[in-house]
Amino acid sequence: MNNLIISIYIFISFISMYNLENKSIILYLLLIFQLMMFGFNLYVLLKRKNIKISKDVFLILLITIFSLIFNMDTLGNYIINIILIFNIYILTRYRWNYVYKRIFLYANIFNIINILLYKYSTRIYGVPKVILGYTLPKIWLPQIWVANLSLIAVYSLFSINLIKNKLLKIFIVFLSLSLIIVAGKFTTILALLIAGTIYLLNSKFFLLSSKKMLKYTLKGMLTICFCSPFIFYYFTIVYNKFLNTKVIDVSNLFSGRHLLWIDYINYIYNNKFQILVGNGFFSDEKKISYLLHPHNQYLTIFYTLGILGFIIYYLFYLKVIDESIKIKKQYPNLFMILIIIIFEMCGDDYFILTINPLNLIIIFLIHNSKYNINSEQILKNRKKYIKEN
């Protein structure tokens with residue numbers, strides 16, 4: 001695929017993270033590029049008669065189509081996500097290196113834009129979080145939600161893996177960390193600390209130096225995160241039953257998310273057949289709680305695709321963890337971002353099953369990294385052969 005098309009596609013994906021007046025135009029433009037890329041990718045693969053899709057991705061596409069059959073009222077959302085997954089898989093398999101570099105280049109550009117917005121635009125101060133006696137301020141910008149602002153800063157922070165100039169590295173780290181801290185998104189800060197701790201413990205002098213131990217740790221963390229809303233749900237039931245307490249005061253820590261999780265899990269349990277096939281994508285017509293989504297990506301997967309989709313995505317992420325450990329030395333930035341994403345998905349649900357591809361691109365860059373490594377090795381062997389002969 002043409003580099004220009006890929007660049008525009010990623011650029012528009014970043015723009016779609018902003019609260020623009022005509023955001024619908026940006027989203028339609030993103031959709032048009034999705035359809036163009038899908039048509040082109042399908043044409044090329046059919047022409048080459050070389051359609052190879054990994055079992056993991058095939059299962060994701062299959063369960064999405066299966067859930068669609070029973071939820072035709074959100075047909076458009078299903079089609080968009082099927083096309084999105086297919087496109088990202090093809091892009092990150094055949095154009096891995098270009099996509100990888102372009103994502104982090106644009107992250108730096110938009111991170112600088114966010115710094116300027118923070119400096120010169122109107123700021124809105126949200127309700128601060130009090131954690132262990134420390135008050136964490138929360139600042140919103142009208143032009144971009146704090147979650148998107150923090151995520152772009154994280155991507156920019158880990159772009160230093162591609163930069164050789166030490167002074168520029170220090171500058172990017174300072175800007176990114178400053179923006180993450182002043183934005184005050186607790187889950188991002190905590191996820192960053194957890195990722196950093198795991199990375200340090202994985203050095204040869206510490207506990208997680210063994211690949212086997214690291215793998216068990218990450219998979220254990222993934223399992224807890226996947227089950228996080230259900231763990232909290234049953235914990236609440238047990239807590240209330242045995243301590244005779246009707247209310248658990250976690251509202252400040254969870255920002256009301258615990259109420260969403262309880263409402264959505266109750267809705268899932270009250271619709272037994274939908275547990276298997278899913279409830280489809282969220283819509284204005286179906287209001288389950290005080291928000292139209294549960295603010296937990298794992299619960300969103302279960303709600304949308306049912307228990308089969310939940311299991312398939314869990315198995316997919318287990319494979320992604322395996323690949324991330326293999327590439328940790330060569331691409332430590334992807335390894336770190338994966339840990340952050342896994343943890344952040346406990347508190348937000350804009351990573352997958354959405355029209356914006358950025359977070360899913362990172363996941364598929366890890367999943368398909370073996371194709372890039374193989375290509376690099378072939379190129380090295382060719383150069384060596386030419387030099388020797």
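Treat the numbers as computed from the prediction; the structure is a model and nothing was measured. (Residues numbered from 1 in each chain as written. Predicted model: local features only at pLDDT ≥ 70, side-chain atom pairs only at ≥ 80, totals over all residues. Heavy atoms only, no water.)

**Points about the overall build of the protein chain**
Then, in step 1: From N to C terminus, the protein chain includes 17 helices and two strands.
Then, in step 2: Burial analysis of the protein chain (389 residues in total) assigns 50% to the buried set. (Helix = DSSP H or I, 4+ residues; strand = E, 2+ residues; numbered from the N terminus. Buried < 20%, exposed > 50% of the residue type's maximum accessible area, 1.4 Å probe, protein only.)

**Some details on helix H7 (residues 166-183)**
Then, in step 1: For H7, with 18 residues, the first-to-last C-alpha span of 26 Å sits near the 26 Å given by 1.5 Å per residue.
Then, in step 2: Considered for burial, the residues of H7 that qualify are Ile 172, Leu 175, Ser 176, Leu 179, Ile 180 and Ala 183. The arc that holds the buried residues of H7, viewed along the axis, is 125 degrees, so those residues lie on one side. Exposed and facing more than 90 degrees away from the buried side of H7 are Lys 166, Leu 167, Ile 170, Phe 174 and Ile 181.
Then, in step 3: Measuring from the side-chain oxygen of the N-cap residue of H7 to the backbone nitrogen of Leu 167 gives 3.0 Å; that N-cap residue is Asn 165.
Then, in step 4: Backbone geometry just downstream of H7 places Gly 184 in the positive-phi region, at approximately 70 degrees. (Expected span 1.5 Å × (residues − 1). Arc of directions from axis to C-beta. Polar contact = N/O pair within 3.5 Å; in protein donor to acceptor, adjacent residues only side chain to side chain.)

**Side note on the pattern of salt bridges**
Then, in step 1: Counted according to the given criterion, the structure contains five salt bridges.
Then, in step 2: Measuring nitrogen to oxygen at the nearest pair gives 3.0 Å for the salt bridge that ties Asp 322 to Lys 219. Here Asp 322, found in helix H14 (residues 297-326), pairs with Lys 219, found in helix H9 (residues 211-226); they are 103 residues apart in sequence, far enough to count as distant.
Then, in step 3: Under the relative-accessibility criterion, Asp 322 is labelled buried at 18%.
Then, in step 4: Two residues, Glu 323 and Lys 326, come together in a salt bridge whose shortest N-O distance is 3.5 Å. Remark: Lys 326 and Glu 323 occur in helix H14; sequence separation between them is three residues, near one turn of the helix.
Then, in step 5: Members of the salt-bridge network, linked through shared partners, are Lys 215, Lys 219 and Asp 322. (Salt bridge = Lys/Arg side-chain N within 4 Å of Asp/Glu carboxyl O.)

**Section: the packing of aromatic side chains**
Then, in step 1: Counted according to the given criterion, the structure contains 32 aromatic pairs.
Then, in step 2: Geometrically, the ring pair formed by Trp 96 and Tyr 100 is stacked, given 4.9 Å between the ring centres and 20 degrees between the ring planes. On the criterion of helical spacing, the pair formed by Trp 96 and Tyr 100 is a turn pair, its members being four residues apart in helix H5 (residues 96-120). Taken individually, Trp 96 and Tyr 100 each receive the classification buried, so the pair is uniform in this respect.
Then, in step 3: On the basis of relative accessibility, which here comes to 2%, the residue Trp 96 falls in the buried class.
Then, in step 4: Among the aromatic residues, those joined into a cluster by ring pairs are Tyr 89, Phe 226, Phe 230, Tyr 298, Phe 302, Phe 310, Tyr 314, Phe 316, Tyr 317 and Phe 364. (Phe/Tyr/Trp six-rings, centres within 6.5 Å; stacked < 30°, edge-to-face > 60°.)

**With respect to the environment of Ile 363**
Then, in step 1: Examined against the element boundaries, Ile 363 turns out to sit in helix H16 (residues 358-367).
Then, in step 2: Taking C-alpha positions, Ile 363 is 9.9 Å from Tyr 89, a pair spaced 274 residues apart along the chain.
Then, in step 3: The residues touching Ile 363, leaving out its near neighbours within four places in the chain, are Phe 316, Tyr 317, Val 320, Leu 338 and Ile 341. (Contact = heavy atoms within 4.5 Å.)

**A few points about a nonpolar patch on the surface**
Then, in step 1: Among the surface-exposed residues, Ile 65, Ile 69, Phe 70, Phe 273, Leu 276, Ile 307, Leu 308, Ile 311 and Leu 315 lie close enough to one another that they form a single nonpolar patch of about 770 Å² accessible area.
Then, in step 2: When residues of the nonpolar patch are traced back to their parent elements, those giving at least two are helix H3 (55-69), helix H13 (272-277) and H14.
Then, in step 3: Sorting elements by how many residues they give to the nonpolar patch places H14 first, with four residues.
Then, in step 4: Structurally, Ile 307 can be placed in helix H14. (Patch = residues over 30% accessible without salt bridge, like charges linked within 9 Å, V, L, I, M, F, W, Y side chains within 5 Å. Areas by Shrake-Rupley, 256 points an atom, 1.4 Å probe, with all protein chains shown as cover.)

**Notes on the state of the cysteines**
Then, in step 1: A complete count under the given rule lists zero disulfides for this structure.
Then, in step 2: Left without a disulfide partner, Cys 225 is nearest to the cysteine sulfur of Cys 346, which lies 3.5 Å away.
Then, in step 3: By relative accessible area, which is 5% here, Cys 225 ends up buried.
Then, in step 4: Its sulfur unpaired, Cys 227 is 9.5 Å from the next cysteine sulfur, which belongs to Cys 225. (Disulfide = S-S within 2.5 Å.)

**Describing the packing of helix H15 (residues 332-344) against H16**
Then, in step 1: Contact geometry for H15 and H16: axes closest at 10 Å, N-to-C directions at 130 degrees. The orientation of H15 with respect to H16, classified from their angle, is oblique. Crossing of H15 over H16 shows left-handed handedness. Across from Leu 334, Ile 337, Leu 338 and Ile 341 in H15, the residues of H16 making contact are Asn 359, Ile 362, Ile 363, Leu 365 and Ile 366.
Then, in step 2: Looking at side-chain class alone, the contact of H15 with H16 contains eight nonpolar, one polar and no charged residues. (Axes fitted to C-alpha atoms, helices over the stretch in contact; angles between N-to-C directions. Parallel < 35°, antiparallel > 145°, perpendicular 65-115°, else oblique. Left-handed = near helix turned anticlockwise from the far one by under 90°. Nonpolar A, V, L, I, M, F, W, Y, C, P; charged D, E, K, R; others polar.)

**Structural notes on the confidence of the model for the protein chain**
Then, in step 1: For the protein chain, per-residue confidence averages 86 on the pLDDT scale, and residues scoring 70 or more make up 87% of the total.
Then, in step 2: When the elements of the protein chain are averaged for pLDDT, helix H11 (residues 251-254) gives the smallest value, 52, and H14 the largest, 96. (pLDDT = per-residue confidence, 0-100.)

**Considering the nonpolar core**
Then, in step 1: By size, the foremost hydrophobic cluster in this structure holds 115 residues, and its most contacted members are Tyr 313, Tyr 317 and Leu 334.
Then, in step 2: Top contributing element to this core by residue count: H14, with 15 residues.
Then, in step 3: Leave out the neighbours within four places in its chain, and Tyr 313 touches Ile 60, Ile 85, Phe 226, Ile 301, Leu 305, Ile 352 and Leu 353. (Core = buried A, V, L, I, M, F, W, Y, C linked by side-chain atoms within 4.5 Å.)

**As for the environment of Tyr 106**
Then, in step 1: By secondary structure assignment, the location of Tyr 106 is in helix H5.
Then, in step 2: Relative accessible area serves as the criterion here: at 10%, Tyr 106 is assigned to the buried category.
Then, in step 3: Through-space distance from the C-alpha of Tyr 106 to that of Tyr 155 is 9.3 Å; in sequence the pair is 49 residues apart.
Then, in step 4: When residues no more than four places from it in sequence are discounted, the contact partners of Tyr 106 are Ser 7, Ile 10, Phe 11 and Phe 14.

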